[in-house]
Amino acid sequence: MASDYELSLIRRIFGLPQSSAGRVSIYLCVAFLVLFGAWLTYSLYLNPIQRPTFFSDPVHAVLLLSAAASGVLGALFGGFALIMTRERSLLVVLSFIIGALVFAWTIGETIGD
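Residues numbered from 1 in each chain as written. Predicted model: local features only at pLDDT ≥ 70, side-chain atom pairs only at ≥ 80, totals over all residues. Heavy atoms only, no water.

### Comments concerning the environment of Arg12
- Mapped onto the secondary structure, Arg12 falls in helix 1 (residues 4–14).
- By relative accessible area, which is 37% here, Arg12 ends up partly exposed.
- Residues Arg12 and Leu90 lie 78 residues apart in sequence; the distance between their C-alpha atoms is 8.6 Å. (Helix = DSSP H or I, 4+ residues; strand = E, 2+ residues; numbered from the N terminus. Buried < 20%, exposed > 50% of the residue type's maximum accessible area, 1.4 Å probe, protein only.)

### Considering the packing of aromatic side chains
- Under the criterion given, the structure shown has 2 aromatic pairs.
- Centre to centre, the rings of Phe32 and Phe36 are 5.5 Å apart; their planes meet at 25 degrees, and the pair counts as stacked. Taken together, the residues span about one helical turn, with Phe32 and Phe36 both in helix 2 (residues 20–45) at a distance of 4 residues.
- On the basis of relative accessibility, which here comes to 10%, the residue Phe32 falls in the buried class.
- According to the relative accessible area criterion, Phe36 is partly exposed, its value standing at 27%.
- An aromatic cluster is built from Phe32, Phe36 and Trp39, whose rings are joined through pairwise contacts. (Phe/Tyr/Trp six-rings, centres within 6.5 Å; stacked < 30°, edge-to-face > 60°.)

So this is what it looks like as structure tokens:
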């Protein structure tokens, strides 16, 4: 039989975040996934206009920039929740990892050109 402490720890890890920074991190991660999916749909299936520069197609630029911004901000809020408020929710850790990968991809694309 599991003790009350073990049950509390299991709920803390596998449950929803307790801190407000952790909840914001989850919301931003969901926003990233929705915006990135919308960008992929627009880029692959809706035949965007030909663009000589990145900002020539404003829908393309806004979707991609807002998706990247929400992913990076999700990582920042997730890191703050993990370090400062001792958040241990698995969803916050996942949000932090996704945001860190988005940040690394963004830096790589910026430096690569």
